[in-house]
Structure formats: C-alpha cells, structure tokens
Amino acid sequence: MSQVAGAVTNGEAAQQEDLSGPPAANRHRLPDERAGITHHFSIAGHEGYLTVGLYPNGQPGEIFIRMAKEGSTIAGLMECFGTVVSVSLQHGVPLRVLCGKLSHTRFEPSGWTGNQELGYAKSIMDYLFRWLELRFLSGKQLPLFEAKAADDESTRSESIQVPASLSPFPHESSEVGDAPLCSTCGSLMVPNGSCYRCGNCGGTSGCS
C-alpha cells in the first residue's frame, strides 16, 4: 500500500513539475566561421540591410539588422530585436513560428518595397519575416540565383566567341606566311595549293 501511495505521489510531483514551465533549452551557437547572406531592403524611404548567419546545414541561426540612418531610434530597436531573434533561433525556436507571429504586423514605417515578390510592407517586421519565410521556408527565390548563374554563363560564352572577320580555321593561321588579303571581304587568305583561299568568304586569288 505504501508503495502505491509513493508511486502516486511521485506521479503528482512529476505532473506539477511539467506544469511549472517549459523545459530548459540548450543554446546551439554557430561556428566561429559561418556562411551568411545579406539582403538590402527599402521601405518607404527607410533603407537597411538584413544579414542572416547560417548553420552548416543552411538553416538560419542569427540575424543582424542595420538601418541606413545610424543613431536613429529605429536603428537601435532593430539591432536589439535582431539579438533577440538570434538567441531564439539558437535555442531551438522554429523559424516558421517566428514568421507566423511577426509577419503582417502593422505599424510605421510602412509602404512599397520595390520587391516584386513582397510588394507592400505593413511594417519593417512584416517585410523582414515575410522575406525570411520566402527565402528559407518556401524556396521561391532559389530559382532566381540559378537563372542568374545561367545568365552569367551565357555572357561568358558570348564574350569568347570568335569575330566573323577572323578565320574559323585556327590550324591554318600558322601557315599564312605572306598570304594576300581577300579582295572580297578583306580577310587574310590561306595557302590553297598553288594559290590562296579566303577562310571567311571562300573566295580565291584566281585559281579554281
């Protein structure tokens, strides 16, 4: 009987302990050297930069918010708020929870952002956490980086194309010697038997 009573007492104590508050969370700090991404934003003339530090798996672990107007009240509040969000992320608060709580909050400054994906921002908080949700939770912006890489690759390919005025036969360039210029297009001709042939337009120096 005493054992049953002791078990009931221990169960009640455990239940009271669970109701006393959330369990202690361990802080997982980012490594000393970490990757990051910086995003420039502008809301109704208020410009700033959001820098997101990433864990090795690519998940956000800290944010820094710097406003363009140093010393302003908004700049101070944003820096302190960035610290709070960083500590929350490192203690295991899901980014989705933060985005759900802080997106669509309404206060000044508010206005158009120039970002086609986000449009009008009801506040700085609204913009920042909708951008974080878009960038890290939905993945909608990831194809933009792939498209940019493809554009850069095509630009590099175009930059190394051989001009039309040059001969498309590089192996013949060392055999031109004292070859004359083509009377039709002006390109340097190459030896072709006892006469010369133009590698650009196909003309000859008189032989067939």
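Since the model is a prediction, treat every value here as computed from it, not as a measurement.

Rules used throughout
Residues numbered from 1 in each chain as written. Predicted model: local features only at pLDDT ≥ 70, side-chain atom pairs only at ≥ 80, totals over all residues. Heavy atoms only, no water. Pairing = 2+ DSSP bridges. Helix = DSSP H or I, 4+ residues; strand = E, 2+ residues; numbered from the N terminus. Axes fitted to C-alpha atoms, helices over the stretch in contact; angles between N-to-C directions. Contact = heavy atoms within 4.5 Å. Buried < 20%, exposed > 50% of the residue type's maximum accessible area, 1.4 Å probe, protein only. Expected span 1.5 Å × (residues − 1). Core = buried A, V, L, I, M, F, W, Y, C linked by side-chain atoms within 4.5 Å. pLDDT = per-residue confidence, 0-100. Salt bridge = Lys/Arg side-chain N within 4 Å of Asp/Glu carboxyl O.

Visitor: So what exactly am I meant to see when it comes to the sheet that holds strand β3 (residues 60–67) here?
Guide: The strands making up a sheet associate through backbone hydrogen bonding, with each pair oriented either parallel or antiparallel. Taken in spatial order, the three strands of this open sheet run β1-β2-β3, and their pairing is antiparallel. This sheet does not close on itself; its edge strands, each paired only once, are β1 (36–43) and β3. Within the sheet, the average angular offset between the axes of one strand and its neighbour, ignoring direction, is 20 degrees. Where strand β2 (residues 46–54) meets β3, seven bridges bridge the pair, whose relative direction is antiparallel. Each bridged residue has a counterpart across the sheet, and for Leu50 the counterpart in β3 is Ile65. The strands that helix α4 (residues 124–138) touches are β1, β2 and β3; relative to β1, the one it contacts most, it runs at about 140 degrees.

Visitor: Help me out: how do you make sense of the pairing of strand β7 (residues 195–198) in this one?
Guide: As a general feature of sheets, a regular strand has side chains that alternate between the two faces. In this structure, strand β6 (residues 189–192) lies alongside β7, joined through four bridges in antiparallel fashion. Each bridged residue has a counterpart across the sheet, and for Val190 the counterpart in β7 is Arg197.

Visitor: Hey, could you run me through the environment of Gly92 in this one?
Guide: Relative to the helices and strands, Gly92 is located in the loop between α2 (73–90) and α3 (95–102). On the basis of relative accessibility, which here comes to 55%, the residue Gly92 falls in the exposed class. For the pair Gly92 and Ala25, spaced 67 residues apart in sequence, the C-alpha separation works out to 7.5 Å.

Visitor: Any chance you could explain α4 here in plain terms?
Guide: Helical periodicity: at 3.6 residues per turn, an α-helix aligns residues three or four positions apart in one direction. With 15 residues, α4 extends 20 Å between its outermost C-alpha atoms, agreeing within 8% with the 21 Å of an ideal straight helix rising 1.5 Å per residue. All buried positions along α4 are accounted for by Ile124, Met125, Asp126, Tyr127, Leu128, Phe129, Arg130, Trp131, Leu132, Leu134, Arg135 and Phe136.

Visitor: When you look at the nonpolar core in this model, what are you seeing that I'm missing?
Guide: A general tendency of soluble globular proteins is for nonpolar side chains to be buried together. Counting 28 residues, the largest nonpolar core has Phe41, Leu50, Val52, Ile65, Phe129 and Leu132 as the members making the most contacts within it. Those elements that place two or more of their residues in this core are β1, β2, β3, α2, α3 and α4. Residues contacting Ile65, with those up to four places away along its chain left out, are Phe41, Tyr49, Leu50, Met78, Glu79, Phe81, Gly82 and Leu128.

Visitor: Is there a simple way to think about the confidence of the model for the protein chain in this case?
Guide: Close inspection of predicted coordinates is inappropriate for parts of the model with low pLDDT. With 69% of its residues at a pLDDT of 70 or more, the protein chain shows a mean pLDDT of 75. Throughout residues 162–176 the model reports pLDDT below 50, and contacts reaching past four residues in sequence, or to other chains, amount to 13 contacts.

Visitor: Any chance you could explain the pattern of salt bridges here in plain terms?
Guide: Pairing is possible between side chains of opposite charge, provided their charged atoms come close. Within this structure, the stated rule accounts for three salt bridges. Its salt-bridge partner being Arg34, residue Glu62 comes within 2.5 Å of it at the nearest N-O pair. In this pair, Glu62 sits in strand β3 while Arg34 sits in the loop between α1 (2–19) and β1, placing the two residues 28 residues apart along the sequence. Between Arg66 and Glu79 there is a salt bridge whose closest N-O contact spans 3.4 Å. One end of the pair, Arg66, is in strand β3; the other, Glu79, is in helix α2, with 13 residues separating them in the sequence.

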